[in-house]
Amino acid sequence: MVLTPSQHPDWLHWLESCPSTNSWALSQLSQLPHGAVIFTPQQTAGRGQHGRVWQSPPGTLTASFVLHQIPVVQLPGLSLIAGLAVIVAIADCCPELSPVLGWKWPNDVLIERKKLAGILCESVTSSGKTDGSVVIGIGINRQTDFQPEEMPEVEVHDALYNRATSLHQWVVTVPDEFFILEKLRFYLLNYASLLSITDNDFQSTNALTNLLPELRKYDALLGQSITIELGGNLYSGEACGISDRGHLLLKLATGEIRPFVSGHILW
Ligand code: BTN
């Protein structure tokens, strides 16, 4: 379905072109209600995790989702939950992909080890307040043709063209953008409402714990030999799952199992 501006639902802000939907949402945050979605078919200066560039060749779905009143104690787990929302939304749109979808901690979505989608969660909190707002930026390779010559910054882009994949390579009929956006919004709001009803640290662990069994089913790192880069150091070992706090567990050569709160995974 191609929507004309007059048909856009209230929650959708359709921008013809925009440097970064996350930056736009952050700059307008106080005016945007809970559940607002910023979408552009032409993102010109997308931002990725770890300060990297996110290239958005034509056909890439780029959007940001605004959530308010998220308890501060829930913020660290939110990017994991966003990963689950992306997986479940894509599985809803393309049920035939369900068996091949994977999750690379903390929040990349893969098909057979190739990156299909990336997520950038950015939160805004004020001192003394127990809740904050979050902008969840999602980039999905929907109908993206990766041209090496069009991606001069491949080395700083996690979705190296030969390590990325796109929905159109897997399904006969690629779901339209609006359908995907609706599904993403539905699951993000749904999961956010689970988080909002909890308000202390004990319950926050439980809220994430409730969603983790579902997320763990997609864990593409489980049992793999991986290297984690953190603060300039490299840690190698075997990925052995996700703790109830959402930390990646790495079994080092010494046999020690070390939890990682953050880090960049190198296969
Ligand atoms: C990553 O994998 O490094 C995260 C990529 C996140 C990209 C999305 S596209 C929409 C939103 N706007 C941005 O500038 N970045 C996010």
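What counts, and at which threshold
- Note that residues are indexed from 1 along each chain, following the sequence as it is written.
- Residue-level local features of this predicted model are given only where pLDDT is at least 70; pairs of side-chain atoms are given and counted only at 80 or more, and the full residue set underlies all totals for whole chains, interfaces and linings.
- Processing note: side-chain calculations cover all non-hydrogen atoms of the structure and skip hydrogens and water entirely.
- For the purposes of this entry, the term helix denotes a DSSP run of H or I that reaches at least four residues, the term strand denotes a run of E that reaches at least two, and both are numbered from the N terminus.
- Put simply, a residue is near a molecule or strand once any heavy atom of it comes within 4 Å of that molecule or strand.
- Distance and chemistry together define a polar contact, namely a pair of N or O atoms within 3.5 Å, with one atom able to donate a hydrogen and the other to accept it when in protein, and with adjacent residues in sequence counting only for side-chain atoms on both sides.
- Here the open area of atoms and residues is found with the Shrake-Rupley method and a 1.4 Å probe, where only the protein chains shown may cover a residue.
- Two strands make a pair as long as DSSP finds a minimum of two bridges between them.
- Every axis corresponds to a line fitted to the C-alpha atoms, with the helix fit spanning only the stretch in contact, and the corresponding angles, defined between N-to-C directions, vary from 0 to 180 degrees.
- By nonpolar core we mean a set of buried residues, namely Ala, Val, Leu, Ile, Met, Phe, Trp, Tyr and Cys, connected to one another through side-chain atoms within 4.5 Å.
- For each residue, the accessible area found with a 1.4 Å probe, counting protein chains only, is set against the maximum for its type, and the residue is called buried under 20%, exposed over 50%, and partly exposed in between.
- Contacts are residue-level and defined by heavy atoms, with any inter-residue pair within 4.5 Å sufficient.
- Only Phe, Tyr and Trp rings take part, Trp by its six-membered ring, and two of them pair if their centres are within 6.5 Å. Stacked means planes under 30 degrees apart, edge-to-face means over 60, and tilted covers everything else.

A word on unusual backbone geometry. It is generally the case that most residues other than glycine have a negative phi and that most peptide bonds are trans. Cis geometry is found at the peptide bond from tryptophan 105 to proline 106, where omega equals 5°. Mapped onto the elements of the fold, proline 106 is located in the loop between β6 (101–104) and β7 (108–111). One non-glycine residue, arginine 113, lies in positive phi territory at about 70°. Mapping arginine 113 onto the fold places it in the loop between β7 and β8 (114–124).

A word on the site of the ligand. Around the ligand, a shell composed of 20 residues is seen, among which Ser20, Gln43, Arg47, Gln49 and Lys115 lie nearest. Interatomic distance of 2.7 Å between a backbone N/O atom of arginine 47 and a nitrogen atom of the ligand. One of the side-chain nitrogen or oxygen atoms of lysine 115 is found 2.6 Å away from an oxygen atom of the ligand. In the complex, 99% of the free accessible area of the ligand, which totals 420 Å², lies under the protein chains. Mapped onto the shell around the ligand, the elements with two or more residues apiece are α1 (21–27), β3 (46–47), β5 (60–71), β8 and β9 (131–141). Among the elements that take part in the shell around the ligand, β8 stands out by supplying 4 residues, more than any other.

This part is about the sheet that holds strand β12 (residues 248–251). If you trace the 5 strands from one edge of the open sheet to the other, you get β13-β12-β11-β10-β14, paired in antiparallel fashion. Every interior strand has two partners, whereas the edge strands, β13 (257–260) and β14 (264–266), have only one. Averaged over all pairs of adjacent strands, the angle between their axes in this sheet comes to 45°, without regard to strand direction. The pairing of strand β10 (residues 225–230) with strand β11 (residues 233–242) spans 6 bridges and is antiparallel. From the neighbouring strand, serine 225 faces β11, where its bridge partner is glutamate 238.

Turning next to the nonpolar core. Counting 66 residues, the largest nonpolar core has Leu101, Ile136 and Ile140 as the members making the most contacts within it. If you tally residues by element for this core, the top one is helix α2 (residues 75–93), at 14 residues. Excluding anything up to four places from it in sequence, isoleucine 140 contacts Gly59, Thr60, Leu61, Val86, Ile90, Leu116, Ala117, Leu167, Ile180 and Leu184. One finds Cys18, Leu29, Leu32 and Ile38 within the second-largest nonpolar core, a separate group that totals 9 residues.

Ring pairs (aromatic) are described by centroid distance and by the angle formed between their planes. Overall, the coordinates contain 5 aromatic pairs when judged by the stated rule. Here the aromatic rings of tryptophan 14 and phenylalanine 39 are separated by 6.5 Å at their centres, their planes lie at 50°, and the arrangement is tilted. Of this pair, tryptophan 14 sits in strand β1 (residues 12–14) while phenylalanine 39 sits in strand β2 (residues 37–40), and the two are 25 residues apart along the sequence. The exposure class of tryptophan 14 is partly exposed, given its relative accessible area of 36%. Given a relative accessible area of 3%, phenylalanine 39 falls into the buried group. By the ring-pair criterion, three or more aromatic residues cluster together here, those being Phe186, Tyr187 and Tyr191.

So, about the sheet that holds β6. With mixed pairing, the 7 strands of this open sheet are ordered in space as β1-β2-β5-β9-β8-β7-β6. In this open sheet, the two edge strands, each paired with only one partner strand, are β1 and β6. Each neighbouring strand pair of the sheet contributes to a mean axis angle of 20°, computed without reference to strand direction. Note: β7 against β8, 3 bridges, orientation antiparallel. Bridging from a neighbouring strand, leucine 110 pairs with lysine 115 of β8. Relative to β8, α2 is tilted by about 140°, and along the sheet it contacts β5, β6, β7, β8 and β9.

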